[in-house]
Amino acid sequence: MEKSVKLIPACEEDQQLLRRLEAEAGTNVNLCYQCGKCSAGCPAAFAMDYPPRQVIRLLQLGMVKQALKAESIWICASCETCSTRCPRGVDIASLMDTLRREALRQGLITDKKVAAFNQAFLNGVRLFGRTYEAGLLLQHNLKTMQPFKDAQYGLPMMKRGKISILPAKIKNRDQVKKIFDKVQQLGGE
Amino acid sequence: MKLAYYPGCSLEGSGIEYGMSTERTADILGIELVELDDWNCCGATSGHNTNKLLSLALPARNLAIAEQMGLPMLAPCAACYNRHRNTEHVIKNDPEMRETIAQLIEMELQGTAETVSILEVLANQVGIEQIASKVTRPLLGMKAVCYYGCLLVRPVEHTGFDDPEDPQTMDRIVRALGAETLDWSHKTECCGASLVTSRPEVGNRMLYQILRNAKEAGAECIVTACPLCGMNLDMRQGQVEKEFNTKFDLPVYYVTELVAWAAGESRQAVGIDRHFVEAGRYLDEVAVRAEKIKAEKEAQAQAKAKAAAQAKKAGDQADEDPEARQKKIDAMVKAFEKNPDKMVKRLIEDEERAAILLEVIREDSKKTARLAELMVDDAEKASKAAEAYVTAELKKRAK
């Protein structure tokens, strides 16, 4: 991704979107004075196109679309180091979370692998009420077109009783399914 | 102690040994675990990455069940613990959101449930002394780094039982078992979580940093309390070694595995035989070291006891001394009274000077006593003193 950005006055639409994202994240990007402590401590910054500080800067400048398209938001592992250390109390991890969800809503997913993993994970929970690890790995591999990824772990995991072919199910699966459906009706995924 | 128990999906799957050893540990320490009836997945990171309401509603259903049980809920998995704590926080502080969630799950939701982590239960509620008292197989000689990862200590306003930068609860537990815990810089660094699956080129590097740092700190094993950290560091260690062309050979234990093992449980009961990085051999090695250290300590203790006994004996002698000495001095004074001639000759060879000394001490019982004392302590000094008396007497006479 291009590192240089054009400074344009944020349009009203972007400003409104930003206010909504801030409200959802429960934080205010204008508190940030760009010290860089978040980026310094971020264990995944080495792989990011925009380190956390720059993601916040994009938001401060009203460049919400660029922030949503940043690969960084999918590389963030939600470890919360940035939020814990921020001297200005900006909840950066929560912002990253909010950006991921907004990118999903707008269909601006830069990293399809992470989103595919999340979807595969939640599909299992929706169906069975529990994580279905074998199904998750299989589904993720098929969706991301890497059928043999981590295949070397399948048998050893089975031998150790760490994964089963059949899913564990809860009794009241309908209750969990209902939660998913209702959330979707309220405008989620 | 009685707790509601939320094992979470991992403790019945990829982190099965964490589940097994948690149950063994609870048994050993007299904690009654009552499993939540029909609990569901907390949604984990995928949940909050995807939908905020969903990420709150899934844990809320479990919290509502725990509320009905009226017990604090133990969630050993760091991710489950974190998601439930986060939801608790929202339910307690945002009445509007609580109402929305209650409607979503169609259950009553008061906000009274409290999720607890295994570390705070062990270190703060059961207590270190209680754990130490159960140790029959001390881990003396074990060199461990405690790896807390992210979700047990962050964000601090949701977790709050330990320091987010330099937590100590796990260290205290592992030390209570006899092991040495080393300081290191990656205690709370992220293992990469699901990135090792979705973006291995990113996740594996994060794992590499942690493993390398542990090794550099001098660790021979890693202790964790998170099934995702545990699986990543254990199962993928070989892959990371290959990718970075290095060798770590670091067994990764769940803290509960070590507690149960140190309390005498078998490998099978604890799940040590289910690891990817061979984990039994190091425990055997530690057992041999522990025997040696114990023997050394016993030998040291014996030597110390012996030295103390000797010192006591010498002390007793020293205590006897003043009395014995006084007796000797008294005897010496008597000898001066009985045979002054002989006594002065013992002090001064020269007969003339000896005669003068005899005259001096006849008139001065203090000097006699002084000489007697000196003769008991140090014959040479006594002679010198005697000569000095004679010289002084001669000077006096010359005047």
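Within each chain, residue numbers correspond to sequence positions counted from 1 in written order. For naming, the first written chain is A and the first written ligand is 1, with later ones following in the order written. Per-residue local features of the predicted model are confined to residues with pLDDT of at least 70, and side-chain atom pairs are confined, for both listing and counting, to 80 or more; whole-chain, interface and lining totals are unaffected and use all residues.

**Notes on the pairing of strand S7 (residues 221-224) of chain B**
Residues and elements named next belong to chain B. Of the two faces of S7, both are covered, the one formed by Cys 221 and Val 223 as well as the one formed by Ile 222 and Thr 224. Of the strand pairs in this sheet, strand S5 (residues 143-147) and S7 are connected by 4 bridges, and their pairing is parallel. Across the sheet, residue Val 145 finds its bridge partner in S7, namely Ile 222. Put simply, a residue is buried when 20 or more other C-beta atoms lie within 10 Å of its own C-beta and exposed when 12 or fewer do; between those, it is partly exposed, and each C-beta is set from the backbone. A run of DSSP states H or I qualifies as a helix once it reaches four residues; a run of E qualifies as a strand once it reaches two. Both are numbered from the N-terminal end. When DSSP finds two or more bridges between two strands, those strands count as paired.

**Brief notes about helix H3 (residues 52-60) of chain A**
Residue and element names in this part refer to chain A. Within H3, 7 of the 9 residues are buried, which leaves the element mostly enclosed by the surrounding structure. Taken together, the buried positions of H3 are occupied by Pro 52, Arg 53, Gln 54, Val 55, Ile 56, Leu 58 and Leu 59. What counts as a contact here is a pair of residues whose C-beta atoms, placed from the backbone, lie within 7 Å. Where H3 is buried, its residues meet helix H1 (12-25), helix H2 (37-41), helix H4 (64-69), helix H5 (72-75), helix H6 (81-85) and helix H7 (92-106). Gly 62 sits one or two positions beyond H3 and adopts a positive phi of about 80 degrees.

**With respect to the domain arrangement of chain A**
Start and end positions for the domains come from either an automated domain assignment or a database one. The domain boundaries assigned to chain A delineate domain 1 (12-106) and domain 2 (112-185). Between the C-alpha centres of domain 1 of chain A and domain 2 of chain A there is a distance of 28 Å.

**Let's talk about the interface of chain A and chain B**
Contact with chain A, which involves 49 residues of that partner, is made by 44 residues of chain B. Only H6, H7, helix H8 (112-128), helix H9 (133-143), helix H10 (151-159) and helix H11 (173-185) of chain A provide two or more residues apiece to the side of chain A that touches chain B. Here the side of chain A that touches chain B gets 7 residues from one element, more than from any other, and that element is H8(A). Only Asp, Glu, Lys and Arg are considered charged, only Ala, Val, Leu, Ile, Met, Phe, Trp, Tyr, Cys and Pro nonpolar, and every remaining residue, Gly among them, polar. Class assignment of the residues belonging to the side of chain A that touches chain B gives a composition of 23 nonpolar, 12 polar and 14 charged.

**Considerations on the nonpolar core**
Residues and elements named next belong to chain B. If you look at the biggest cluster of nonpolar residues, it comprises 156 residues, and the most contacted ones within it are Ala 57, Leu 74, Val 174, Ile 222, Val 223 and Leu 258. If we skip the residues at most four places from it in the chain, Val 174 touches Ala 144, Cys 146, Ala 179, Thr 181, Val 223, Val 255 and Leu 258. Linking buried Ala, Val, Leu, Ile, Met, Phe, Trp, Tyr and Cys residues through C-beta atoms within 7 Å yields a set, and such a set is a nonpolar core. Ranked by size, the runner-up nonpolar core spans 15 residues in total, among them Met 343, Ile 361, Ala 386 and Tyr 389.

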